[in-house]
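# Inside the fold
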Amino acid sequence: MSIISNSTVDTVSLSKTQLRRMYSMRQIQWDNKTPIVIYVLSSNNPLHQKFCKENLRLFPYQLNRIWNKLTFSGYGIAPIEVASESELIEAVKSTKGAVGYVANLLEVKDVNIIKIDD
């Protein structure tokens, strides 16, 4: 599994803590002040479940609770859910400041790959 970002993002590596902060909407901008736009697959997608458990150390339902709480309280905007991995790749390519995840990098071009430090 790999983390990808739009080509406008300068970040080349993140810690798991930083990644978790981004996906839990506690970090909303990249270092260059560009807003972070997060794309995810549905909560019942096996790739999303694996991403949550391995990279964020959360279950998908825990992440959904965080998003719902912040969205309904007016403090945040929930990530954008897409239907497929290919749709996620295209969305990340075409959205400034976007970030997402993919299972296989072989079919991914024109995006930045972000290394996750343990």
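Please refer to the structure placed before this passage.
On a predicted model such as this, the values are computed, not experimentally measured, just so you know. (Residues numbered from 1 in each chain as written. Predicted model: local features only at pLDDT ≥ 70, side-chain atom pairs only at ≥ 80, totals over all residues. Heavy atoms only, no water.)

## Notes on the packing of helix α1 (residues 16-23) against helix α2 (residues 46-56)
- Taken N-terminus to C-terminus, the directions of α1 and α2 make an angle of 130°; their axes are 9 Å apart at the nearest point. Here α2 runs oblique to α1, going by the angle between their axes. Residues Lys 16, Leu 19, Arg 20 and Tyr 23 of α1 form the contact with α2, whose own contacting residues are Phe 51, Glu 54, Asn 55 and Leu 56.
- Tallied by class, residues from the contact of α1 with α2 come to four nonpolar, one polar and three charged. (Axes fitted to C-alpha atoms, helices over the stretch in contact; angles between N-to-C directions. Helix = DSSP H or I, 4+ residues; strand = E, 2+ residues; numbered from the N terminus. Parallel < 35°, antiparallel > 145°, perpendicular 65-115°, else oblique. Contact = heavy atoms within 4.5 Å. Nonpolar A, V, L, I, M, F, W, Y, C, P; charged D, E, K, R; others polar.)

## Considering the packing of aromatic side chains
- One pass over the full model with this rule turns up three aromatic pairs.
- Centre to centre, the rings of Phe 59 and Tyr 61 are 5.9 Å apart; their planes meet at 10°, and the pair counts as stacked.
- What makes Phe 59 partly exposed here is its relative accessible area of 42%.
- Chaining the aromatic ring pairs together yields one cluster made of Tyr 23, Phe 51 and Tyr 101. (Phe/Tyr/Trp six-rings, centres within 6.5 Å; stacked < 30°, edge-to-face > 60°. Buried < 20%, exposed > 50% of the residue type's maximum accessible area, 1.4 Å probe, protein only.)

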